[in-house]
Amino acid sequence: MEAAIITIMALLFLSFVALGVYATVKAVKAAKRGVDRTIDQARRTVEDTTLRAKSFGQAGTAGELARLRLSLRTSMRATQEALQAGVGEDASLKESLELFHRLSAHGLELDEDLKRIEREPDRAWAAGQLPELTARTERITSSADALRRAARERALRFAEDDLSSLSAQIDVEAGALRHWTTTGPETTSGTTGTSGTAGTPGTVPGAASGSTVPGGQGAASGSSRPGAGGEPSAITAPDPRLTSYPWEKSARPETTT
């Protein structure tokens, strides 16, 4: 029993040690990648600054080669960042990213050729290579720019479609929140139709012209008189002139002169 406990404790201890070693190795590798990334970024910044200075400060073949290298590096880096940022949200960009990786191989080869031409002592021969190098640079940068712009236009299109759908849903919800505005005209028309069928105060509907009933008596008694057809007529509506509301002002007495 004691031997089994000791064995279990030893296994646990070895497991903890192995886990600690694994975590330490992973942390060291992550730190190394971070340092390498920082060094690469610093080196790229220095190279870009040097190429920019050469393109503006030197004339002739050296300045043109620096301009070509700077244009190539800027276009390829911008396209890579755009595709890598969008592939997480749009899986369709994976194929575009694979095509860019193939294009990057040609771009890297061109950058190496430009470096070799920069170190070429025969400046006349180097100047003769500029037209071909310029054409290759334009082809690669045009392809990279096409991929980058298509990815950005696709992202903008998706954003616009989502915004249009959201606006339509908000309009429907706003209309549902203002439901009382749709019931107002129906209520008004229904009230108007009822008052129209009731007729004017003091007049019996369906009776001959000129036969009237005093408004006060009809309203007070609530009785109906038979019409011309022998059917009882509707109850006469109260005289609105006898109805008072709390917001009405009291009528002034008429003065006679």
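Shown above is the structure to which this text applies.
One structure accompanies this document, and this report is about it.

**What to know about the overall build of the protein chain**
1) Next: Within the protein chain, the secondary structure is distributed over six helices and zero strands.
2) Next: Element order for the protein chain, N to C, with α for helix and β for strand: α-α-α-α-α-α.
3) Next: Relative to its full complement of 257 residues, the protein chain shows a buried share of 19%.
4) Next: At a minimum sequence separation of 6, the contacts of the protein chain that also span at least 24 residues come to 60%.
5) Next: For the protein chain, the exposed surface amounts to about 19,200 Å²; the carbon and sulfur share of it is 60%.

**Quick word on a positive patch on the surface**
1) Next: A contiguous patch of positive charge on the surface is contributed by Lys26, Lys29, Arg33 and Arg37.
2) Next: Mapped onto the elements of the fold, lysine 26 is located in helix 1 (residues 2–57).
3) Next: A relative accessible area of 46% means that lysine 26 is categorised as partly exposed.

**Let's talk about the packing of helix 2 (residues 61–86) against helix 4 (residues 123–177)**
1) Next: Running from amino to carboxyl end, helix 2 crosses helix 4 at an angle of 20 degrees, the nearest separation of the two axes being 9 Å. Classified by the angle between their axes, helix 2 and helix 4 sit roughly parallel to one another. Once helix 2 is placed against helix 4, the crossing between them reads as left-handed.
2) Next: When the residues that make up the contact of helix 2 with helix 4 are grouped by side-chain class, the tally is 16 nonpolar, seven polar and five charged.

**Quick look at the nonpolar core**
General note: in soluble globular proteins, nonpolar side chains tend to be found buried as a group.
1) Next: Ranked by size, the top nonpolar core spans 19 residues in total, and within it Leu65, Met76, Leu110, Leu114, Leu133 and Ile140 carry the most contacts.
2) Next: Secondary structure elements with two or more residues in this core: helix 2, helix 3 (93–118) and helix 4.

**Topic: helix 4**
1) Next: Here helix 4 contains 55 residues, and its C-alpha end-to-end distance of 77 Å stays within 8% of the 81 Å for a straight helix at 1.5 Å per residue.
2) Next: A maximum bend of about 35 degrees is found in helix 4 at leucine 130, where proline proline 131 lies one to four positions downstream.
3) Next: Listed in full, the buried residues belonging to helix 4 are Ala126, Leu130, Leu133, Thr134, Thr137, Ile140, Thr141, Ala144, Asp145, Leu147, Arg148 and Ala151.
4) Next: Considering only its buried residues, helix 4 is in contact with helix 2 and helix 3.

**Notes on the environment of phenylalanine 100**
1) Next: Along the chain, the position of phenylalanine 100 falls in helix 3.
2) Next: Residue phenylalanine 100 is classed as buried on the basis of its relative accessible area of 2%.
3) Next: Spatially, the C-alpha atom of phenylalanine 100 lies 9.7 Å from that of arginine 148, the residues being 48 residues apart in sequence.

**Notes on a nonpolar patch on the surface**
1) Next: Residues Met1, Ile5, Ile8, Met9, Leu12, Phe16, Leu19 and Tyr22 make up a contiguous nonpolar surface patch of about 960 Å² in total accessible area.
2) Next: Summarising the element assignment, tyrosine 22 is placed in helix 1.
3) Next: The exposure class assigned to tyrosine 22 is exposed, which follows from its relative accessible area of 53%.

**Points about the side chain of aspartate 113**
1) Next: Among the secondary structure elements, aspartate 113 is positioned in helix 3.
2) Next: Classification of aspartate 113 by relative accessible area gives buried; the value is 14%.

**Concerning the pattern of salt bridges**
1) Next: Throughout the structure, instances matching the rule amount to 11 salt bridges.
2) Next: Where aspartate 111 meets lysine 115, a salt bridge forms, and the shortest distance between an N and an O atom there is 3.8 Å. One end of the pair is aspartate 111 and the other is lysine 115, both in helix 3 and four residues apart, which spans about a single turn.
3) Next: On the basis of relative accessibility, which here comes to 7%, the residue aspartate 111 falls in the buried class.
4) Next: Taken together, the salt bridges that share partners define one network made up of Arg69, Asp111, Lys115 and Glu118.

Conventions adopted
- Residues numbered from 1 in each chain as written.
- Predicted model: local features only at pLDDT ≥ 70, side-chain atom pairs only at ≥ 80, totals over all residues.
- Heavy atoms only, no water.
- Helix = DSSP H or I, 4+ residues; strand = E, 2+ residues; numbered from the N terminus.
- Buried < 20%, exposed > 50% of the residue type's maximum accessible area, 1.4 Å probe, protein only.
- Contact = heavy atoms within 4.5 Å.
- Areas by Shrake-Rupley, 256 points an atom, 1.4 Å probe, with all protein chains shown as cover.
- Patch = residues over 30% accessible without salt bridge, like charges linked within 9 Å, V, L, I, M, F, W, Y side chains within 5 Å.
- Salt bridge = Lys/Arg side-chain N within 4 Å of Asp/Glu carboxyl O.
- Lys, Arg positive; Asp, Glu negative; His and termini not counted.
- Charge placed at Lys NZ, Arg CZ, Asp CG, Glu CD.
- Axes fitted to C-alpha atoms, helices over the stretch in contact; angles between N-to-C directions.
- Parallel < 35°, antiparallel > 145°, perpendicular 65-115°, else oblique.
- Left-handed = near helix turned anticlockwise from the far one by under 90°.
- Nonpolar A, V, L, I, M, F, W, Y, C, P; charged D, E, K, R; others polar.
- Core = buried A, V, L, I, M, F, W, Y, C linked by side-chain atoms within 4.5 Å.
- Expected span 1.5 Å × (residues − 1).
- Bend = angle between axes of the 7 residues up to and from the residue.

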